[in-house]
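The chain contents come next:
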Amino acid sequence: MTPITSGRQGITARFALEDAVFKKIATTGCALALATLTACGAGDGGSKASADGKIVMGFAQVGAESGWRTANTKSVVEAAGTAGVELKFSDAQQKQENQIKAIRSYIQQKVDVIAFSPVVETGWDAVLLEAKRARIPVILTDRAIDSTDTSLYKTFLGSDFTEEGRKAGKWLAETVNGPVDVAEIQGTTGAAPAIDRQKGFKEAIARKSDIRIVATQSGDFTRAGGKQVMEALLRSHPDIDVVYAHNDDMGLGAIEAIKAAGKKPGTDIKIITVDAVEAGMVALANGEINYIVECNPLLGDQLMDLAKKVVKGESVPERVVTEETTFTTEQAKKVLKDRKY
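A brief report on the enclosed structure follows. (Residues numbered from 1 in each chain as written. Predicted model: local features only at pLDDT ≥ 70, side-chain atom pairs only at ≥ 80, totals over all residues. Heavy atoms only, no water.)

## Digging into the packing of aromatic side chains
All told, the structure shown has four aromatic pairs when counted by the stated rule. Between the aromatic rings of Phe 116 and Trp 124, the centroid separation amounts to 4.9 Å while the plane-to-plane angle is 55°, which identifies the pairing as tilted. Residue classification places Trp 124 among the buried residues on the basis of a relative accessible area of 1%. Seen from their ring centres, Phe 201 and Tyr 244 are 4.1 Å apart, and the 15° between their planes marks the pair as stacked. Linking Phe 201 in helix α6 (residues 192-205) with Tyr 244 in strand β9 (residues 242-245), this pair joins segments that are 43 residues apart in sequence. By the burial criterion, Phe 201 is buried, and Tyr 244 matches it. Geometry around Tyr 341 places Arg 339 over its ring, the cationic atom sitting 4.5 Å from the centre. (Phe/Tyr/Trp six-rings, centres within 6.5 Å; stacked < 30°, edge-to-face > 60°. Buried < 20%, exposed > 50% of the residue type's maximum accessible area, 1.4 Å probe, protein only. Helix = DSSP H or I, 4+ residues; strand = E, 2+ residues; numbered from the N terminus. Lys NZ or Arg CZ within 6 Å of the ring centre and 35° of its normal.)

## Section: the pattern of salt bridges
Within the structure shown, the criterion is met by 17 salt bridges. For the salt bridge of Asp 142 with Arg 143, the shortest nitrogen-to-oxygen distance reads 3.7 Å. Classification of Arg 143 by relative accessible area gives buried; the value is 2%. Asp 181 is the partner of Arg 212 in a salt bridge, and the nearest nitrogen-oxygen pair spans 2.9 Å. (Salt bridge = Lys/Arg side-chain N within 4 Å of Asp/Glu carboxyl O.)

## Considering the nonpolar core
In terms of nonpolar packing, the biggest core is built from 31 residues, with Ile 185, Met 230, Leu 233, Val 243 and Ile 289 touching the most fellow members. If one sorts the elements of this core by residue count, helix α8 (residues 248-260) sits on top with six residues. With sequence-adjacent residues up to four places away left out, Ile 289 is seen in contact with Leu 252, Ile 255, Ile 271, Thr 273, Gly 280, Ala 283, Leu 284 and Thr 329. Core analysis: the second largest hydrophobic core is formed by 23 residues, Ala 168, Ala 192, Ile 205 and Ile 211 among them. (Core = buried A, V, L, I, M, F, W, Y, C linked by side-chain atoms within 4.5 Å. Contact = heavy atoms within 4.5 Å.)

Spelled out as C-alpha cells, the structure:
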C-alpha cells in the first residue's frame, strides 16, 4: 500500500523508510530490514516459540502494491511489537506461489500462528490442510478464501467488500442523472475485493437502467495499472461519464491519464474509489475524486488480539468485520488533517 498515510513530516519520513524496506523485501522475500521482524525462509525448523516465551506469528503479506497495503503492513508490524509478538514476515509480491512457500516455511519453523492476506480466493486448501495437521491455527486478514472447508482457518478479520461496492453504487445511483456510462477499473483478477466490490456495485445500480457499465478492466490495485487501463479506456470509450476504481491508487492513476487527455477529473469524468488513504483523500478534498468508500487498513491490534486467543485455544468469531464509513469532498476536507493513514 506507498507513502500516503499521513500528511505530517514525521510520518511521511517513516513511509519513505518503509518504501526502501519494501524494495528490499521485493528482492529478498524477507523483511530483514525491519528491526521488529525476524528473518523468513526455510531455516532449520526452529522452535514453536521464542526463547522468552513470546507468541511467534508467521505473516504472509500480499505485497506492497498500494498505499493501503503499506498502511496495513505498518499496522501489523507496530501492533506485533506492542503486543510482544515475534513476527516472521514475508512479502509475496502479489504472487500466490510466494505466499504458499512462505506458509510452508512457517509450518516448518513451527510458528504458533499463521496469518495471511490471500492474493486470490482459490487454491489454498492443500497448504492450509498442512497447517491444520501441524496444529498451527490460521487467521485470514483483509481477504477471504473460497473453500468449503472452513475448519482450515479460525477466523477472518477484514472488511465487507460487497458492502463497500454497494456503498459506491448507491452513491452513484442517488447522485447522477442518466444516461451514465461507467468504466470499472477492477482490482487483481480473482482477488476477493475485486470480486465482491464488483458484485456489490452492480447490485446497487441494478435498479437504475440508465447507468451502464460499458467497460471493465483490471488495474491490479496499482497506480501504474490504473493509469494504463484508463489510457486504454479513454481511447475505446472517449465519452465515459464515471470511473469506478476498486482502490484509491488505481483511481489516482486514472486521474493522471484523464489529465493527460485534456479532461478534468471529478468534473468531466466523475471518480469513485475505495480505501480512503491520504493521497486519495487529498484528491477527494481537491475535487478530483467525487466519492470514497473507506476500507480500514489498521487491522494490527485486532489481529494480535485474535492471535493470542487462538493460540490459547479460546473461541473467536468466525468473521470479524471492521467498522468503516464513506466520504464526500466536504467531509474529506473536515477529517483529512486527523487521519492516521
